[in-house]
Amino acid sequence: MYVEISIRDEVLANLVELARTDREFMRKARADLEGALHEYGYELTADELAAVREFHGQTSAMSDAEVNRVLAERASSAAMRGA
Amino acid sequence: MHEWVERVFASIDELIRTLPVPPDHRELLRVHLGVGRDLAEANPELPAIRLPLLVHAAITGDEIPALPVAGACTLLYLGADLLDNLLDDELPSVWRRRDPAEAYLAATTLLAVAPQLSIARLREQGKPPGRLWELSHLFARSLLTMSAGEHEDLLFAGRTDVGPETCRAMTERKSGSELALFARAAAMLATEDPTAIEEYTSFGWCLGTAGQICSDVGDIWSEGTSRDLLNGKRTLPIVHALSTLRGEPRERLQGLLGAARESGEDHEEVRTLLAEAGSMQYTALVVEVYRHRACAHLAAASPREPAGRDLKGLVDAASLVVTGQETNDTSC
């Protein structure tokens, strides 16, 4: 049994790098996420866009260090409940 | 103990009680069933138990007919769990009084033999032999995929040339296929509609992969020593950092990963380098993509309530970004 799942790892990795290093991009993304993605040449699939929207909505007001701290806390609790 | 956990373990107890083997062998199999019972008591949402029951209820409105399938899934899960404990040298204390060879024997029986016998009990519900053969074959094929994924996981240890796509494919085979089996087996029991069966299979595949990646991140970022770093495992955050960092930082990470296999002393520094590489954020984003895909497959299957809501709860638990209360997700 095999289920084909296509995820564009390079696109997601590049986007994470852009969000962490380009303040202008983040400023624009906070105002208009989809507009900023389009302007920087990102044409995301529906799943990718939904994931980015969720991630952005939860973390865009945080610093890099805060995002890592929050994700680490959630990862620890996920591990404890055996996710 | 939750009602559904009690029902599944009662079904398993009945199966073990009637096995045509000497009492000592029955007792051997019961050792790890006790471990599983404790685990399920602490985590009643354990997918091996919960997922088949919920999928069956989502299709038919009733979870009771899926008890033998949930029993089969739980037995397979416990066999795989015991084998993992043996490979990682982390046997629960109840096994310490016994020869490890006995634990290997119990793991093999739980993994490969007991699920088939639990499936065979569906004859009592009047299921036709053709359906039972299909279910039996499904367990065999899924176990093969899981085994290939576990093998890749072992082969990748310590390597620096594994890319994110290869790592994800390994995780899908190792863990996505296991939850795909749990969901598909219940769906096959509940309906003959091929579209519904495929949607629930893909749902399980995405849920299992997302959950495993969350658990891998949790292993690295939990307090103290990481078991995966000690074992040289190439989980997604590590693979991302190795494929993103260049020059001196990459060499430093490679050196630290080597040292991290000897003791926990360097594990905090590995975590710092992974954070600097953005590996946590990348991994959380990948998990979100799997989670949204799981939601989309669940929505396409049009589950009955309240099982649909409970299945959505399992998806929300497999996220690094949101909790069930916070989700903005509208795709489920």
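These numbers were taken from a predicted model, which means no experiment stands behind them.

For the rest of this paragraph, the subject is the overall build of chain B. Scanning chain B from N- to C-terminus turns up 14 helices and 0 strands. Shown N-terminal to C-terminal, the secondary structure of chain B runs as helices and strands in the order α-α-α-α-α-α-α-α-α-α-α-α-α-α. Taken against the 2.2 N^0.38 rule, which gives 20 Å for 332 residues, the C-alpha radius of gyration of chain B at 20 Å falls within 12% of a compact globule. Seen along its three principal axes, the alpha-carbon backbone of chain B occupies a region of about 65 × 50 × 35 Å. For chain B, with 332 residues in total, the buried portion stands at 51%.

For the rest of this paragraph, the subject is the overall build of chain A. Of regular secondary structure, chain A possesses 5 helices and 0 strands. Walking chain A from its N terminus toward its C terminus, one meets helices and strands in the order α-α-α-α-α. Taken along the three principal axes of its C-alpha coordinates, chain A extends 40 × 35 × 15 Å. The buried share of chain A, taken over its 83 residues, is 31%.

Residue and element names in this part refer to chain B. Where helix 3 (residues 47-60) meets helix 7 (residues 164-190), the axes come as close as 8 Å, and the angle between the chain directions of the two elements is 35 degrees. Both helix 3 and helix 7 take part in a crossing whose hand is right-handed. Residues Pro47, Ala48, Leu51, Pro52, Val55, His56, Ile59 and Thr60 of helix 3 form the contact with helix 7, whose participating residues are Leu179, Phe182, Ala183, Ala185, Ala186, Ala187, Leu189 and Ala190.

The next thing to look at is the nonpolar core. All names here are of chain B. Ranked by internal contacts, the top residues of the largest apolar core, which has 116 residues, are Ala183, Ala186, Ala187, Leu285 and Val286. Taken together, domain 1 (1-127) and domain 2 (128-332) each give at least three residues to this core, which thus spans both. Apart from the residues within four sequence positions on either side, Ala186 is in contact with Pro52, Val55, His56, Ala66 and Val69.

A separate point is the domain arrangement of chain B. Residue and element names in this part refer to chain B. Looking at the assigned domains, one finds that chain B contains domain 1 (1-127) and domain 2 (128-332). Placing a centre on the C-alpha atoms of domain 1 and another on those of domain 2 gives a separation of 22 Å. Between domain 1 and domain 2, the residue contacts involve 29 residues of the former and 29 residues of the latter. Counting residues per element, the ones that place at least two in the side of domain 1 that touches domain 2 are helix 3, helix 4 (67-87) and helix 5 (100-120). Broken down by element, the side of domain 1 that touches domain 2 gets its largest block of residues, 12 residues, from helix 3. In terms of residue class, the side of domain 1 that touches domain 2 is made up of 20 nonpolar, 4 polar and 5 charged.

What follows covers the environment of Cys73(B). All names here are of chain B. If you trace the backbone, Cys73 turns up in helix 4. Accessibility expressed as a C-beta count within 10 Å gives 32 for Cys73, which makes it buried. Residues contacting Cys73, with those up to four places away along its chain left out, are Ala48, Pro52, Phe182 and Ala185.

With that settled, the discussion passes to helix 1 (residues 3-17) of chain B. For an α-helix, 3.6 residues make a turn, and residues three or four places apart therefore share a direction. Residues and elements named next belong to chain B. For helix 1, built from 15 residues, the straight-helix expectation of 21 Å at 1.5 Å per residue is met to within 8% by its first-to-last C-alpha distance of 21 Å. Of all the residues in helix 1, the buried ones are Trp4, Val5, Val8, Phe9, Ile12 and Leu15. Down the axis of helix 1, the buried set is contained in an arc of 125 degrees. They therefore lie on one face. Seen from the buried face of helix 1, the exposed residues on the opposite side, beyond 90 degrees, are Glu3, Ala10 and Arg17.

One frequently used descriptor of interface size is the decrease in accessible area upon assembly of the parts. Facing the 32 residues of chain A at the interface are 48 residues of chain B. Listing elements by their share of the side of chain A that touches chain B, those giving two or more residues are helix 1 (9-21), helix 4 (46-59) and helix 5 (64-80) of chain A. Class assignment of the residues belonging to the side of chain A that touches chain B gives a composition of 19 nonpolar, 5 polar and 8 charged.

On to the confidence of the model for chain B, then. Looking at chain B as a whole, the pLDDT averages 93, with 97% of positions reaching at least 70. Taken over the whole predicted complex, pTM reads 0.93, whereas the ipTM for its chain interfaces reads 0.92.

Now for unusual backbone geometry. Residue and element names in this part refer to chain B. Here Glu305 and Pro306 are connected by a cis peptide whose omega angle stands at 10 degrees. By secondary structure assignment, the location of Pro306 is in the loop between helix 13 (279-300) and helix 14 (307-317). Its identity is not glycine, yet Ser302 carries a phi of approximately 45 degrees, on the positive side. Within the element layout of this structure, Ser302 appears in the loop between helix 13 and helix 14. Ser302 sits in the exposed class, given 11 other C-beta atoms within 10 Å.

Here Val70(A) lies in helix 5. For the pair formed by Val70(A) and Leu18(A), sequence separation is 52 residues and the distance between their alpha carbons is 20 Å.

Our next topic: the confidence of the model for chain A. Counting all residues, the mean pLDDT for chain A is 87, and 93% of those residues have values of 70 or more. Mean pLDDT across the elements of chain A ranges from a minimum in helix 5 of chain A, with 78, to a maximum in helix 3 (residues 33-39) of chain A, with 95.

Cut-offs used in this document
Residues numbered from 1 in each chain as written. Chains lettered and ligands numbered in written order. Predicted model: local features only at pLDDT ≥ 70, side-chain atom pairs only at ≥ 80, totals over all residues. Helix = DSSP H or I, 4+ residues; strand = E, 2+ residues; numbered from the N terminus. Rg over C-alpha atoms; globule rule 2.2 N^0.38 Å. Buried ≥ 20, exposed ≤ 12 C-beta atoms within 10 Å, placed from the backbone. Axes fitted to C-alpha atoms, helices over the stretch in contact; angles between N-to-C directions. Left-handed = near helix turned anticlockwise from the far one by under 90°. Contact = placed C-beta atoms within 7 Å. Core = buried A, V, L, I, M, F, W, Y, C linked by C-beta atoms within 7 Å. Domains from an automatic or database assignment. Nonpolar A, V, L, I, M, F, W, Y, C, P; charged D, E, K, R; others polar. Expected span 1.5 Å × (residues − 1). Arc of directions from axis to C-beta. pLDDT = per-residue confidence, 0-100.

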